[in-house]
Amino acid sequence: EFRRVLFRSNVQRIATESAEGKVATNQVQALNSKKVDELNAKNKQLQTAQQKLESGGSVLSAAAQAQLQKEVERLQVDIQRFTEDAQAEVTQLQQQLQDDFQRKLTPIIQGIATEKQLHMMFSVTDSGLVWGDPALDLTPEVIRRFDAAAPSADRKSTRLNSSHSQQSRMPSSA
């Protein structure tokens, strides 16, 4: 009877290896890449304005220099705000996808627990579990059933997106 309590699964591994988790990861990476590209364009605008200010310092009138300096300062503030907004948008998407993932995963885990007459199931990464018999790890079975429960369109999307995915990180604000 005690053995039934000690089954475990690795939710992080399920998120990484399941079709649903891969789709979510690709969505976050796509948004992150888009925001990085937009930030790079804004940084390029700033560099151009700064170069004009530096190179035209002796040629420009005082009014033109002041106007260009204001433009540089405005672009710096815009970049800082954009970076903060982009990070918040990525974080919000991650949270929404995590919530959706957990909502879809819970019935799968409950079904396996009921079928195997388990009283509890521990998450390896969240439980503080120091050691467990690998034979008691239900993660592969959870992933298999989770993928089987996902609509076939999600699996197609995963295959397409995983071939185009790229890892990028949102740079921190200056």
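Summary of the structure given here. Bear in mind the structure is a predicted one, so any value in this text is a computation, not a measurement.

Let's shift gears to the packing of helix α2 (residues 19-55) against helix α3 (residues 62-115). Each pair of packed helices can be summarised by the angle the axes make with each other and by the distance between the axes. α3 packs onto α2 with a crossing angle of 175 degrees between their chain directions and a minimal axis gap of 9 Å. With respect to α3, the axis of α2 lies roughly antiparallel. Of the residues belonging to the contact of α2 with α3, the class tally is 17 nonpolar, 11 polar and 7 charged.

Let us now look at the nonpolar core. Nonpolar side chains in soluble globular proteins tend to be buried together. Core analysis: the largest hydrophobic core is formed by 12 residues, namely I14, F101, L105, I108, I109, I112, A113, L118, L138, V142, I143 and F146. For this core, the element with the highest residue contribution is α3, accounting for 6 residues. Apart from residues no more than four positions distant in its own chain, I14 is found in contact with S9, F101, L105, T139, V142, I143 and F146. The next biggest cluster of nonpolar side chains, apart from the first, holds 10 residues, and it includes L46, V72, L75 and F82.

The next thing to look at is the pattern of salt bridges. A full pass over the atoms with the stated rule returns 11 salt bridges. With a shortest N-O distance of 2.5 Å, R74 and D78 are connected by a salt bridge. Remark: D78 and R74 occur in helix α3; sequence separation between them is 4 residues, near one turn of the helix. For R145, the salt bridge is made with E115, and the minimal N-O distance between the two is 2.8 Å. Pair noted here: R145 is in helix α4 (residues 139-149) and E115 is in helix α3, with a separation of 30 residues, a long-range link. Among the charged side chains, a salt-bridge network with shared partners connects K34, K35, E38 and E89.

Let's shift gears to the side chain of N10. Here N10 lies in the loop between β1 (8-9) and α1 (11-17). A distance of 3.1 Å separates a polar atom in the side chain of N10 from the backbone nitrogen of Q12. When residues no more than four places from it in sequence are discounted, the contact partners of N10 are V124, T125, D137 and T139.

For the coordinates displayed, the defined rule picks out 1 aromatic pair. Aromatic pair F101 and F146: ring centres 5.2 Å apart, planes at 90 degrees, arrangement edge-to-face. Highlighted residues: F101 in helix α3 and F146 in helix α4, separated in sequence by 45 residues. Judged by relative accessible area, F101 falls into the buried class, the value being 8%.

What counts, and at which threshold
Residues numbered from 1 in each chain as written. Predicted model: local features only at pLDDT ≥ 70, side-chain atom pairs only at ≥ 80, totals over all residues. Heavy atoms only, no water. Axes fitted to C-alpha atoms, helices over the stretch in contact; angles between N-to-C directions. Helix = DSSP H or I, 4+ residues; strand = E, 2+ residues; numbered from the N terminus. Parallel < 35°, antiparallel > 145°, perpendicular 65-115°, else oblique. Nonpolar A, V, L, I, M, F, W, Y, C, P; charged D, E, K, R; others polar. Core = buried A, V, L, I, M, F, W, Y, C linked by side-chain atoms within 4.5 Å. Buried < 20%, exposed > 50% of the residue type's maximum accessible area, 1.4 Å probe, protein only. Contact = heavy atoms within 4.5 Å. Salt bridge = Lys/Arg side-chain N within 4 Å of Asp/Glu carboxyl O. Polar contact = N/O pair within 3.5 Å; in protein donor to acceptor, adjacent residues only side chain to side chain. Phe/Tyr/Trp six-rings, centres within 6.5 Å; stacked < 30°, edge-to-face > 60°.

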